[in-house]
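Spelled out from the first residue to the last, the chains are:
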Amino acid sequence: MAEIQQFALPDVGEGLTEAEIVSWAVQPGDTVATNQVIVEIETAKSLVELPSPFAGEVVALHVVEGDTVEVGTAIISISTDAIGSGPDADADTATTADETGADEPKLLVGYGPGAPHPRRRRGATDRAVAALTEIEPADGHPSSVPVGAGIRCTPPVRKLAKDLGVDLASVTPTGHGTTITQDDVLSAAETRRTPGPTAESVSEIRIPVRGVRKHTAAAMVRSAFTAAHVSEYVTFDITRSMELRSRLAARKEFADVKLSPLSLIARAFLRAIERTPISNSRWEEATQEIVQLSEINLGVAAATPRGLVVPNIRSAQRLSLRDLSVAIAELAATARAGKTAPDDMSHGTATISNFGVFGVDAGTPILNPGETVILGVGSITRRPWVVGSGDAETVLPRWVTTLSLSFDHRVLDGQQASELLADTAAFLREPELAVL
């Protein structure tokens, strides 16, 4: 007997309430195995691949790419009858959708047996055509065109129309079987954007805020209007650290490691935090307490195509310079690929943001919510600098940078914050004290 199972969007961690459907790896008619990746979603923190908790044939996709779906919403139906028949098969698959939501663990990628690539069953193309969705206009209300009126579009085309604000009911289809194509939508969007005869015509692009960018925006606003932000700056000669970096990079221990200036700066910042341990704290509003933490989980802000993310390195103060460099490089590569796990972006205690790589001399970073300090790193450039003193004073070209420290004045007073920033700069002027 056929058993139709519905898979509801699970909470993939950290109490997330919704996610955006980025791409489907299967279509109606495909045969899937347990733990085979079926969809990629974007949460408020990262991209996550979801595996199927069932084996069988895909019956229907209930949401399309680009939709934002609440946790607990059914996103796909799978017929478990496709993998076998008889009493044993029925007994193994006789789990209702409600029971699945209550009792079955929400499997994540990497659990259970490996899965093959999806294989297309005979007739899958016909079923995929049948799965073409009824159109909806850009305002989200059902179209006046009834089902079966002959106007069809695929989910990616429907998403494109939503993003461009095109009402599919007004688009003339040119595809096979009166199917609306991507070119049809783009043509309609171009026609709509054609400026009118008035001088007041203004072109604008509206960009939906979803996923990582939506989470970042909310977090920054929350931080800006809760923490008592104060910022300080120090400009100094970092030449000796740059020279040390060149010497260390030539050593065999660092032969396969990207030893960047950021690694040295992070090392110095960690040492400075250890000298001012109250800076590794959080403010507890409910109890009106300062909670000082023993481990420094160093967040490293990373710019990605999907927005800013701040994954962190656990117990970073315990790492050698080499291990810290490896951790920073791996963290950045994973973030750019959109594969950072949600848990890796939680429980940070201090953050470093390197906007100097974009050629910026200095900035005022906003605290990551729940943290007390964030260090901003400006560009490192050659500048004329006064060295020596008295009769030996002279002007030489030196490597110079500016560090900026934003801190929560509820936790740190001015002296403590100033000592933290000054110690960081001092360790970089005399790097041998901090990095070995």
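Look up a bit, the structure's there.
This section reports on the structure supplied with the text. (Residues numbered from 1 in each chain as written. Predicted model: local features only at pLDDT ≥ 70, side-chain atom pairs only at ≥ 80, totals over all residues. Heavy atoms only, no water.)

**Focus: a nonpolar patch on the surface**
Then, in step 1: On the surface, Val-357, Phe-358 and Val-360 cluster together into a nonpolar patch covering about 300 Å² of accessible area.
Then, in step 2: Here Val-360 shows up in the loop between strand S19 (350–353) and strand S20 (373–377).
Then, in step 3: Look at Val-360 and you get partly exposed, because its relative accessible area is 34%. (Patch = residues over 30% accessible without salt bridge, like charges linked within 9 Å, V, L, I, M, F, W, Y side chains within 5 Å. Areas by Shrake-Rupley, 256 points an atom, 1.4 Å probe, with all protein chains shown as cover. Salt bridge = Lys/Arg side-chain N within 4 Å of Asp/Glu carboxyl O. Helix = DSSP H or I, 4+ residues; strand = E, 2+ residues; numbered from the N terminus. Buried < 20%, exposed > 50% of the residue type's maximum accessible area, 1.4 Å probe, protein only.)

**Details of the pattern of salt bridges**
Then, in step 1: Counting across every chain of the model gives 15 salt bridges.
Then, in step 2: The salt bridge partner of Asp-256 is Arg-322, with a shortest N-O separation of 3.0 Å. A residue pair is termed long-range when its members are at least 10 positions apart, and Asp-256 in the loop between helix H7 (239–249) and helix H8 (261–275) and Arg-322 in helix H9 (residues 321–336) qualify at 66 residues.
Then, in step 3: Using a relative accessible area of 27% as the deciding quantity, one classes Arg-322 as partly exposed.
Then, in step 4: With a shortest N-O distance of 3.7 Å, Asp-343 and Arg-314 are connected by a salt bridge. With Asp-343 in the loop between H9 and S19 and Arg-314 in the loop between strand S18 (312–313) and H9, the pair connects residues that are 29 residues apart, well separated along the chain.
Then, in step 5: When salt bridges that share partners are traced, they join Glu-40, Glu-49 and Lys-339 into one network.

**Things to note about the packing of H8 against H9**
Then, in step 1: Viewed as axis vectors pointing N to C, H8 and H9 meet at an angle of 115 degrees, and their least axial separation amounts to 9 Å. The interaxial crossing formed by H8 with H9 has right-handed handedness. In contact with Leu-262, Ser-263, Leu-264, Ala-266, Arg-267 and Leu-270 of H8, H9 contributes Leu-321, Leu-324, Ser-325 and Ile-328.
Then, in step 2: Of the residues belonging to the contact of H8 with H9, the class tally is seven nonpolar, two polar and one charged. (Axes fitted to C-alpha atoms, helices over the stretch in contact; angles between N-to-C directions. Left-handed = near helix turned anticlockwise from the far one by under 90°. Contact = heavy atoms within 4.5 Å. Nonpolar A, V, L, I, M, F, W, Y, C, P; charged D, E, K, R; others polar.)

**Let's talk about the packing of aromatic side chains**
Then, in step 1: Considering all chains together, one arrives at zero aromatic pairs under this definition.
Then, in step 2: The residue whose ring lies beneath Arg-382 is Trp-399, and the NZ or CZ to ring-centre distance is 5.2 Å. (Phe/Tyr/Trp six-rings, centres within 6.5 Å; stacked < 30°, edge-to-face > 60°. Lys NZ or Arg CZ within 6 Å of the ring centre and 35° of its normal.)

**Looking at H9**
Then, in step 1: Compared with an ideal rise of 1.5 Å per residue, which puts 16 residues at 22 Å, H9 spans 23 Å between its outermost C-alpha atoms and is within 8% of the ideal.
Then, in step 2: Count one or two residues on from H9 and you reach Gly-338, which has phi positive near 75 degrees. (Expected span 1.5 Å × (residues − 1).)

**Quick word on the sheet that holds strand S5 (residues 47–51)**
Then, in step 1: The strand order S5-S4-S2-S7 describes an open sheet built from four strands, whose pairing is antiparallel. Strands at the two margins of the open sheet, each flanked by one partner only, are S5 and strand S7 (68–70). Direction aside, the axes of adjacent strands within the sheet are offset by 40 degrees on average.
Then, in step 2: Note that strand S2 (residues 18–24) and strand S4 (residues 37–42) share four bridges and pair antiparallel. Across the sheet, the residue bridging to Trp-24 is Val-39, located in S4. (Pairing = 2+ DSSP bridges.)

**Quick word on helix H6 (residues 211–224)**
Then, in step 1: Counted at 1.5 Å a residue, the expected span for H6 with its 14 residues is 20 Å, and the 20 Å between its end C-alpha atoms agrees.
Then, in step 2: Listing the buried residues of H6 in full gives Gly-211, Val-212, Thr-216, Ala-219 and Ser-223. For H6, the angular spread of the buried residues around the axis is 120 degrees, confining them to a single face.
Then, in step 3: Residues of H6 that are buried in the fold lie against S4, strand S12 (229–237) and strand S17 (307–309). (Arc of directions from axis to C-beta.)

**Some thoughts on the layout of surface pockets**
Picture a little ball the size of a water molecule; that probe, rolled over the atoms, points out where space is still empty.
Then, in step 1: In this model, the largest pocket occupies a volume close to 650 Å³.
Then, in step 2: Around the largest pocket, the lining is made up of 27 residues, and of these Leu-262, Ala-301, Arg-336, Asn-354 and Val-357 lie nearest the centre.
Then, in step 3: The element best represented in the lining of the largest pocket is H9, accounting for six residues.
Then, in step 4: Residue composition of the lining of the largest pocket, by class: 17 nonpolar, eight polar and two charged.
Then, in step 5: What the second largest pocket holds in volume is close to 530 Å³.
Then, in step 6: If you trace the second largest pocket, you find 29 residues lining it, with Ala-219, Met-220, Val-310, Asn-368 and Pro-369 closest to the centre.
Then, in step 7: A total of six residues in the lining of the second largest pocket trace back to one element, the largest contributor, which is H6.
Then, in step 8: The residue inventory of the lining of the second largest pocket, partitioned by class, reads 14 nonpolar, twelve polar and three charged. (1 Å grid on protein atoms, 1.4 Å probe; cavity = no way out; pocket = protein on both sides within 12 Å on 5 of 7 lines; lining within 4 Å. Points joined across faces, edges and corners; volume = space filled by probe spheres on them.)

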